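# Structural features, examined
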Amino acid sequence: QVQLVESGGGLVQAGGSLRLACAASGGTFSTLHMGWFRQAPGKEREFVAGINRSGSITTYAEPVKGRFTISRDNAKNTLFLQMNTLKPEDTATYYCAAARSPGLVTRSGAYDYWGQGTQVTVSS
């Protein structure tokens, strides 16, 4: 069983930055495909960014391209999401997810494990 714990959320002004982290345990981190999703009140959970096992391939949702960067440190069993130039539209609960097998990176159903979420609020 894999456990995922997100951290780094908070309240920031528009234009500011945050770095989220996801600490993984209970499995071999380097074998897991990882992703970030977010969900705003009243909205469907949506894909934000994904990264393959080695970190050599990344995928981003269009609204965050050029502003967010996903990365991983396999030696520390940690996934990151650097969020720059934040907008009020980025306000949501952000979730870390892990998949044991490759699949459709943008679909939540492809992931086997989920963290508890961390709140990101961006004020105008």
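Presented here is an overview of the structure given in this document. Computed from a predicted model, the values in this text were never measured in an experiment.

About the cut-offs
- Along each chain, residues carry numbers from 1 onward, in the same order as the chain's sequence is written.
- Totals for whole chains, interfaces and linings use all residues, but because this is a predicted model, local features are given only for residues with pLDDT of at least 70 and pairs of side-chain atoms are given and counted only at 80 or more.
- Hydrogen atoms and water are omitted, and side-chain values are computed over all heavy atoms in the structure.
- Strands here mean DSSP runs of E at least two residues long; helices mean DSSP runs of H or I at least four residues long; both are numbered from the N terminus.
- Whenever a nitrogen or oxygen atom comes within 3.5 Å of another N or O atom, the pair is scored as a polar contact, on the condition that within protein one atom can donate a hydrogen and the other can accept it, and that pairs from neighbouring residues in sequence are kept only if both atoms are in side chains.
- Pairs of residues are marked as contacts when any of their non-hydrogen atoms sit within 4.5 Å.
- Cysteine sulfurs are considered disulfide-paired once they come within 2.5 Å of each other.
- For each residue, the accessible area found with a 1.4 Å probe, counting protein chains only, is set against the maximum for its type, and the residue is called buried under 20%, exposed over 50%, and partly exposed in between.

## Quick word on the side chain of Asn52
In this structure, Asn52 sits in the loop between strand 5 (46-51) and strand 6 (58-60). Polar contacts involving the side chain of Asn52 include one to the main-chain amide nitrogen of Ser56, which spans 2.9 Å. Looking at Asn52, its side chain comes within polar contact range of the main-chain nitrogen of Ile57, at 3.0 Å. Excluding its chain neighbours within four sequence positions, the residues that come into contact with Asn52 are His33, Ile57 and Arg72.

## What to know about the state of the cysteines
Linking two cysteines covalently via their sulfur atoms produces the bond known as a disulfide. Taken as a whole, this structure holds one disulfide when the rule is applied. A sulfur-sulfur separation of 2.0 Å characterises the disulfide bridge that pairs Cys22 with Cys96. An S-S torsion of about -70 degrees defines the bridge between Cys22 and Cys96 as left-handed. Of this pair, Cys22 sits in strand 3 (residues 18-25) while Cys96 sits in strand 9 (residues 92-99), and the two are 74 residues apart along the sequence. Accessibility assignment for this pair places Cys22 and Cys96 in one class, buried.

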